[in-house]
2 protein chains.
Amino acid sequence: MHDLSRLSLNQKTTDPWNLREAVEGCVRAGIPFIGLWREKVAEQGLQESARIVRDSGLRVSSLCRGGWFAGSSARERQERLDDNRRAIEEAATLGTEVLVLVCGPAADGDLVAARAYVEECIEKLIPDAEQHGIRLGIEPLHPMYAGDRSVIVSLQQANQIASRLNHKQVGVVIDAYHIWWEPDIYAQIAAAGERILGFHVCDWLVPTPDMLNGRGMMGDGVIELRRLRTAVEQAGYTGPIEVEIFNQQLWSMPGDEILQLMCERYLEHV
Amino acid sequence: MHDLSRLSLNQKTTDPWNLREAVEGCVRAGIPFIGLWREKVAEQGLQESARIVRDSGLRVSSLCRGGWFAGSSARERQERLDDNRRAIEEAATLGTEVLVLVCGPAADGDLVAARAYVEECIEKLIPDAEQHGIRLGIEPLHPMYAGDRSVIVSLQQANQIASRLNHKQVGVVIDAYHIWWEPDIYAQIAAAGERILGFHVCDWLVPTPDMLNGRGMMGDGVIELRRLRTAVEQAGYTGPIEVEIFNQQLWSMPGDEILQLMCERYLEHV
């Protein structure tokens, strides 16, 4: 894999750019895919965003994000489900097949109940996903986010949920940053197989400067990215590879320089 | 459990205190156990530390820590094994039955090899442990330390290692902070059963102010401590419960106040 044909810019990597700037940057850099974020789509307008991307010739690898199901009242929980249905429609409008689900924290500290509720919600969304031709990608987040961002914390767990739901609209998104530590990660990647709907990369810095915005450029950390990419390919995934980096320092660089560095490091380390 | 009969002060919770001060503090507070750290024992002198503890009437719940096996040369790896043998002897001298193993990071980024090497080292230490009547407690650390402190990151993984080694000298130490996020934690606690050699508690703060020294006093965070303690008891563990809190802010309080708060919160939340 010595070309950029599978590379995708996850918009978060160039956070200071709006959607139009990110699309134009990708075109200049020869990056064929882009991973969009709903907040940036909303800022540009949904139809306008769809048009900008379509006109550019870029393909949309995924839309971030659905999920975040928990709520402290029945009304809030219903609003969250409705919002997920809107996210599915947005994904379809934007021309991607994958909606990434970040499943949120527990509303009341009960992790067991929160996890069961996530599964229940994903199941409820399947008919909507099917209707719009969207696949729901359960993205486990690193366990350090178990208290505030995601009760789904390992590929093993995401695989179990996807396996129980057992529907072609439901799969997993593997982000190297979130799962590289898993003791049986290679077995889990193999088990995920054709349920893999996305592969995200960045690096784990030692020390990690910030729990949210301290993620590293590929090659600057300790993750065995090529080994993981090879495993993901052997499991059957040959789709786009998104570079998603939350890093305050990176965001202070001009966007075109971020993309140039990202392309170099992708070719060298992924 | 409405008394302090199983409570242990892990010395790290009162980090500014030396060993003698911590022992005297426990006696004043009516705390019957103490968990010692090798660096603090060394500072006071091994024999002197053993004498201080013996004279106080306290029992030693565990010694922290062996482990940290990886090295970048054969010589360094041998030194680390030798150091673990010394730690076993120190544990015996101090009158505890448990040496806590924090297994260290990979020397070269290869997690798979590093994990196999940890298992190999623990196996090598079994005869020494047996000779001195010490049980080796594999303590999984939170996955956010996978890059710099421990390649053993879940109770599931520690259980698998202990189960493969299958020797009465080898067990696991369960620290709520490190394993509370595990999707199947209650099944893993049950599976650990009589291999549970220790139970440590503190709390997970949201947000976490520091990845190392940002741990919380029980009740200040999101961990379901009582539920975990009940599960650990149901699995058969009725030994001491160590409060181990790495927290810079806590360490600025007078030691006796830390112990008072710790006793209150232990009774209320654990």
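One can find the structure itself at the top, above this paragraph.
The rules behind each value
Residues numbered from 1 in each chain as written. Chains lettered and ligands numbered in written order. Predicted model: local features only at pLDDT ≥ 70, side-chain atom pairs only at ≥ 80, totals over all residues. Heavy atoms only, no water. Helix = DSSP H or I, 4+ residues; strand = E, 2+ residues; numbered from the N terminus. Rg over C-alpha atoms; globule rule 2.2 N^0.38 Å. Buried < 20%, exposed > 50% of the residue type's maximum accessible area, 1.4 Å probe, protein only. Least-squares fit on C-alpha atoms with pLDDT ≥ 70 in both. Contact = heavy atoms within 4.5 Å. Axes fitted to C-alpha atoms, helices over the stretch in contact; angles between N-to-C directions. Nonpolar A, V, L, I, M, F, W, Y, C, P; charged D, E, K, R; others polar. Pairing = 2+ DSSP bridges. Core = buried A, V, L, I, M, F, W, Y, C linked by side-chain atoms within 4.5 Å. Right-handed = clockwise from strand over helix to strand, strands pointing away. Arc of directions from axis to C-beta. Buried area = accessible area lost by both parts, 1.4 Å probe. Salt bridge = Lys/Arg side-chain N within 4 Å of Asp/Glu carboxyl O. Polar contact = N/O pair within 3.5 Å; in protein donor to acceptor, adjacent residues only side chain to side chain. 1 Å grid on protein atoms, 1.4 Å probe; cavity = no way out; pocket = protein on both sides within 12 Å on 5 of 7 lines; lining within 4 Å. Points joined across faces, edges and corners; volume = space filled by probe spheres on them.

> Sorry if this is basic, but what is going on with the overall build of chain A here?
Scanning chain A from terminus to terminus reveals 10 helices and eight strands. The C-alpha atoms of chain A give a radius of gyration of 17 Å, which matches the 18 Å a tight globule of 270 residues would have. With respect to the principal axes defined by its C-alpha atoms, chain A has extents near 45 × 45 × 35 Å. Here chain A holds 270 residues, and 60% of them are scored as buried.

> Explanation requested: the relation of the copies chain B and chain A in the structure shown.
Relative to chain A, chain B is turned by 180 degrees and slid 0.0 Å along the rotation axis, the superposed coordinates differing by an RMSD of 0.0 Å. The two molecules are tied by a two-fold rotation axis, judged by turn and shift. Most of the interface of chain B is mirrored in chain A, where 100% of its interface residues are also at the interface.

> Teacher, can you tell me more about the packing of helix α3 (residues 46-56) of chain A against helix α4 (residues 74-94) of chain A here?
Helix-helix packing is characterised by the crossing angle of the two axes and by the distance between the axes. Residue and element names in this part refer to chain A. Put simply, α3 and α4 touch, their axes get as near as 9 Å, and they point 35 degrees apart. For the pair α3 and α4, contact is made by Leu 46, Gln 47, Ser 49 and Ala 50 and by Glu 90, Thr 93 and Leu 94, respectively. Partitioning the contact of α3 with α4 into residue classes produces three nonpolar, three polar and one charged.

> Just checking my understanding: could you explain the sheet that holds strand β5 (residues 135-138) of chain A for this structure?
Hydrogen bonding along the main chain pairs the strands of a sheet, whether they run parallel or antiparallel. All names here are of chain A. Judged by pairing direction, the barrel is parallel, and its eight strands sit side by side in the order β1-β2-β3-β4-β5-β6-β7-β8 before closing back on the first. Taking the axes of each pair of neighbouring strands and ignoring which way they run, one obtains an average angle of 30 degrees across the sheet. Where strand β1 (residues 7-10) and strand β8 (residues 241-243) come together, three bridges link them in parallel fashion. Paired with Leu 7 across the bridge in β8 is Ile 241. Where helix α6 (residues 155-165) meets the sheet, it contacts β5 and β6 (170-175), and its direction lies at approximately 170 degrees from that of β6. Seen against the sheet, helix α10 (residues 255-269) touches β1 and β8 and runs at an angle of roughly 140 degrees to β1.

> Any chance you could explain the nonpolar core here in plain terms?
In summary, soluble globular proteins display a tendency toward joint burial of nonpolar side chains. Core analysis: the largest hydrophobic core is formed by 177 residues, its most contacted members being Ile122(A), Ile189(A), Met218(A), Ile122(B), Ile189(B) and Met218(B). If sequence neighbours within four positions are ignored, Ile122(A) has contacts with Phe69(A), Leu101(A), Cys103(A), Leu136(A), Ile138(A), Leu165(A) and Val170(A).

> Where do I start with the environment of Thr13(B) in this structure?
All names here are of chain B. With respect to the element layout, Thr 13 can be found in the loop between β1 (7-10) and α1 (19-29). For Thr 13, a relative accessible area of 0% corresponds to the buried category. Remark: the alpha-carbon pair of Thr 13 and Ile 245, spanning 232 residues in sequence, is separated by 4.7 Å. With sequence-adjacent residues up to four places away left out, Thr 13 is seen in contact with Val 243, Glu 244, Ile 245, Leu 250, Trp 251, Ile 258 and Met 262.

> When you look at the sheet that holds strand β4 (residues 98-102) of chain B in this model, what are you seeing that I'm missing?
If you walk around this closed barrel you meet the eight strands as β1-β2-β3-β4-β5-β6-β7-β8 (chain B), and the pairing is parallel. Pairs of neighbouring strands in the sheet enclose a mean axial angle of 30 degrees, with direction left out of account.

> Got a minute to help me understand the pairing of strand β3 (residues 59-67) of chain A in this structure?
Within a regular strand, the side chains alternate between the two sheet faces. Residues and elements named next belong to chain A. Burial of β3 is extensive: seven of the nine residues sit out of reach of the surface. Here strand β2 (residues 33-37) pairs with β3 via five bridges, running parallel. Following the sheet pairing, Phe 33 is matched in β3 by Arg 59. Here four bridges tie β3 to strand β4 (residues 98-102), and the two strands are oriented parallel to one another. Bridging from a neighbouring strand, Leu 63 pairs with Leu 99 of β4. In terms of handedness, the path from β3 via α4 over to β4 forms a crossover that is right-handed.

> When you look at helix α8 (residues 185-192) of chain A in this model, what are you seeing that I'm missing?
Helical periodicity: at 3.6 residues per turn, an α-helix aligns residues three or four positions apart in one direction. Residues and elements named next belong to chain A. Within the sequence span of α8, burial applies to Ile 185, Gln 188, Ile 189 and Ala 192. Seen end-on, α8 carries its buried residues on one side only, within an arc spanning 100 degrees. Of the residues in α8, the exposed ones pointing more than 90 degrees away from the buried face are Ala 190 and Ala 191. The elements touched by buried residues of α8 are α6, β6, α7 (176-179), β7 (196-201) and α9 (225-234). Following α8 by one or two positions, Gly 193 adopts a phi angle in the positive range, close to 50 degrees.

> Hey, could you run me through unusual backbone geometry in this one?
Excluding glycine, residues mostly have negative phi values, and the peptide bonds linking residues are mostly trans. Residue and element names in this part refer to chain A. For the bond running from Cys 64 to Arg 65, omega is -5 degrees, close enough to zero to count as cis. As for its position among the elements, Arg 65 is in strand β3. That bond from Val 206 to Pro 207 is cis: its omega, -5 degrees, falls within 30 degrees of zero. Here Pro 207 lies in the loop between β7 and α9. Positive phi, close to 50 degrees, is recorded for Trp 68, a residue that is not glycine. Mapped onto the fold, Trp 68 is located in the loop between β3 and α4. Look at Asn 166: it is not a glycine, yet its phi comes out positive at around 45 degrees. The topology assignment puts Asn 166 in the loop between α6 and β6.

> Quick question: what am I supposed to make of the interface of chain B and chain A here?
Often the size quoted for an interface is simply the accessible area lost on bringing the parts together. Each partner contributes residues to the interface: chain B has 27 residues there, and chain A has 27 residues. Buried surface at the junction of chain B and chain A, summed over both partners, amounts to about 2200 Å²; 66% is from carbon and sulfur atoms. The closest approach of N and O atoms between Arg227(A) and Asp110(B), which form a salt bridge, is 2.9 Å. Taken together, chain B and chain A are joined by seven residue pairs in polar contact (both at pLDDT 80 or more). Elements that contribute at least two residues to the side of chain B that touches chain A include exactly α5 (111-132) and α6 (155-165) of chain B.

> Honestly, the environment of Arg54(A) in this entry has me stumped. Any pointers?
Residue and element names in this part refer to chain A. Relative to the helices and strands, Arg 54 resides in helix α3. Residue class for Arg 54 comes out exposed when judged on its relative accessible area of 57%. Note: C-alpha distance between Arg 54 and Gly 95 (41 residues apart in sequence) is 8.3 Å.

> Teacher, can you tell me more about empty space enclosed by the protein here?
To find leftover empty space, one rolls a probe the size of a water molecule over the atoms. Residue and element names in this part refer to chain B. The full count for this structure, using the stated rule, is six cavities of 30 Å³ or more. Considered as a void within the structure, the largest cavity measures approximately 120 Å³ in volume. Trp 37, Arg 65, Trp 68, Val 102, Glu 139, Leu 141, Arg 149, His 178, Leu 212, Arg 215, Glu 244 and Phe 246 are the residues that line the largest cavity. Residues belonging to the lining of the largest cavity are distributed by class as follows: six nonpolar, one polar and five charged.

In short, the description is geometric, and any link to function would need to be established separately.
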